[in-house]
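Fold and contact review
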Amino acid sequence: TYYFTDRADLMHATVGLLLEREQVRRAAVTVSGTSPGATARALVELLLPPDAGSARHQGAVIYERLGEALRDDDLRAIVSRDYSDLEAQVSRVLSATALTPDPGLVLALAEGRLLQWLASDRSMSTLVAAVAGDLSTLTPATPAQPRASAGPLRLPTGSPRPEVSSAAGQWSRAVPEG
């Protein structure tokens, strides 16, 4: 018998247990090949168990933790540790294939594709193909050279600043800075 003092206590225990199980499952994911497709399959498997009875339902449950974490500092700490583990697993998968993109960027793209997939009626193979296509655009033809961090990108003083059109969401015109 379990006793929880309130809904938050129940959420912390539930999400904590789910994420512990996810970390164990993700640690067992392997890459079978060096192609972007093989890597994409492993990345999707890191995000979503391939053998889940209902992959969409499982994916939705995994992502619902984010909404709860936005409103609860203790839960946010649990989810933050899980994201650190997830990014480390993405890094592990990429290093097994000698791909050089930033693991955080790859994770962001894969999760974005997963969210698009969750909201659609497309097959799992469509999701894997989309992630593989993203990987192909991130993977240079030659190995990447280490680059020094130049700090944040800043426009020189007096340079035109781009303005985003709220209607179209497109770059519309340059506006003088100041």
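Before reading on, note that the structure itself is shown above.
The structure reproduced in this document is the subject of the present report.

Conventions adopted
- Residues numbered from 1 in each chain as written.
- Predicted model: local features only at pLDDT ≥ 70, side-chain atom pairs only at ≥ 80, totals over all residues.
- Heavy atoms only, no water.
- Helix = DSSP H or I, 4+ residues; strand = E, 2+ residues; numbered from the N terminus.
- Contact = heavy atoms within 4.5 Å.
- Areas by Shrake-Rupley, 256 points an atom, 1.4 Å probe, with all protein chains shown as cover.
- Salt bridge = Lys/Arg side-chain N within 4 Å of Asp/Glu carboxyl O.
- Buried < 20%, exposed > 50% of the residue type's maximum accessible area, 1.4 Å probe, protein only.
- Polar contact = N/O pair within 3.5 Å; in protein donor to acceptor, adjacent residues only side chain to side chain.
- 1 Å grid on protein atoms, 1.4 Å probe; cavity = no way out; pocket = protein on both sides within 12 Å on 5 of 7 lines; lining within 4 Å.
- Points joined across faces, edges and corners; volume = space filled by probe spheres on them.
- Nonpolar A, V, L, I, M, F, W, Y, C, P; charged D, E, K, R; others polar.

Section: the overall build of the protein chain
Assigned secondary structure in the protein chain consists of six helices and two strands. Element order for the protein chain, N to C, with α for helix and β for strand: α-α-α-α-α-α-β-β. When contacts within the protein chain are restricted to residue pairs at least 6 apart in sequence, those whose partners lie at least 24 apart make up 57%. Only carbon and sulfur atoms are counted for the fraction: they give 56% of the accessible area of the protein chain, which is about 11,300 Å².

Describing the pattern of salt bridges
Side chains that carry opposite charge are capable of pairing whenever their charged atoms lie near each other. Counted according to the given criterion, the structure contains seven salt bridges. Residue Arg76 pairs with Asp73 through a salt bridge whose shortest N-O separation is 2.0 Å. One end of the pair is Arg76 and the other is Asp73, both in helix α4 (residues 73-96) and three residues apart, which spans about a single turn. Since its relative accessible area comes to 35%, Arg76 is described here as partly exposed. Classification of Asp73 by relative accessible area gives exposed; the value is 56%. Measuring nitrogen to oxygen at the nearest pair gives 2.8 Å for the salt bridge that ties Asp134 to Arg113. Placement of the pair is Asp134 in helix α6 (residues 124-138) and Arg113 in helix α5 (residues 103-118), with a sequence separation of 21 residues. A residue is classified by how much of its surface remains accessible, and Asp134, at 13% relative accessible area, is buried. Each member of the salt-bridge network shares a partner with another, and the members are Arg7, Glu68 and Arg71.

Notes on the side chain of Asp85
Along the chain, the position of Asp85 falls in helix α4. Polar contacts involving the side chain of Asp85 include one to the side chain of Arg26, which spans 3.0 Å. The residues contacting Asp85, other than those within four sequence positions of it, are Gln23 and Arg26.

Looking at empty space enclosed by the protein
In this structure the tally under the stated criterion is two cavities of 30 Å³ or more. Considered as a void within the structure, the largest cavity measures approximately 60 Å³ in volume. Lining the largest cavity, in full, are Leu19, Glu22, Arg26, Leu46, Leu47, Ile62, Tyr63, Arg65, Asp82, Leu86 and Glu111. Residues that form the lining of the largest cavity fall into these classes: six nonpolar, no polar and five charged. In this model, the second largest cavity occupies a volume close to 40 Å³. Lining the second largest cavity are Leu43, Val106, Leu109, Ala110, Val131, Asp134, Leu135 and Leu138.

Overview of the environment of Arg76
Sequence spacing of Arg76 and Arg65 is eleven residues, and the spatial spacing of their C-alpha atoms is 8.9 Å. With residues near it in sequence (within four places) discarded, Arg76 still touches Ala69, Leu70 and Arg71. Among the polar contacts made by the side chain of Arg76, one reaches the main-chain carbonyl oxygen of Ala69 at a distance of 3.0 Å.

Digging into the side chain of Gln89
Inspection of the secondary structure puts Gln89 in helix α4. Aside from chain neighbours lying at most four places away, what touches Gln89 is Arg26, Ala27 and Leu46.

Keep in mind that these numbers describe shape and distance, not what the molecule does.
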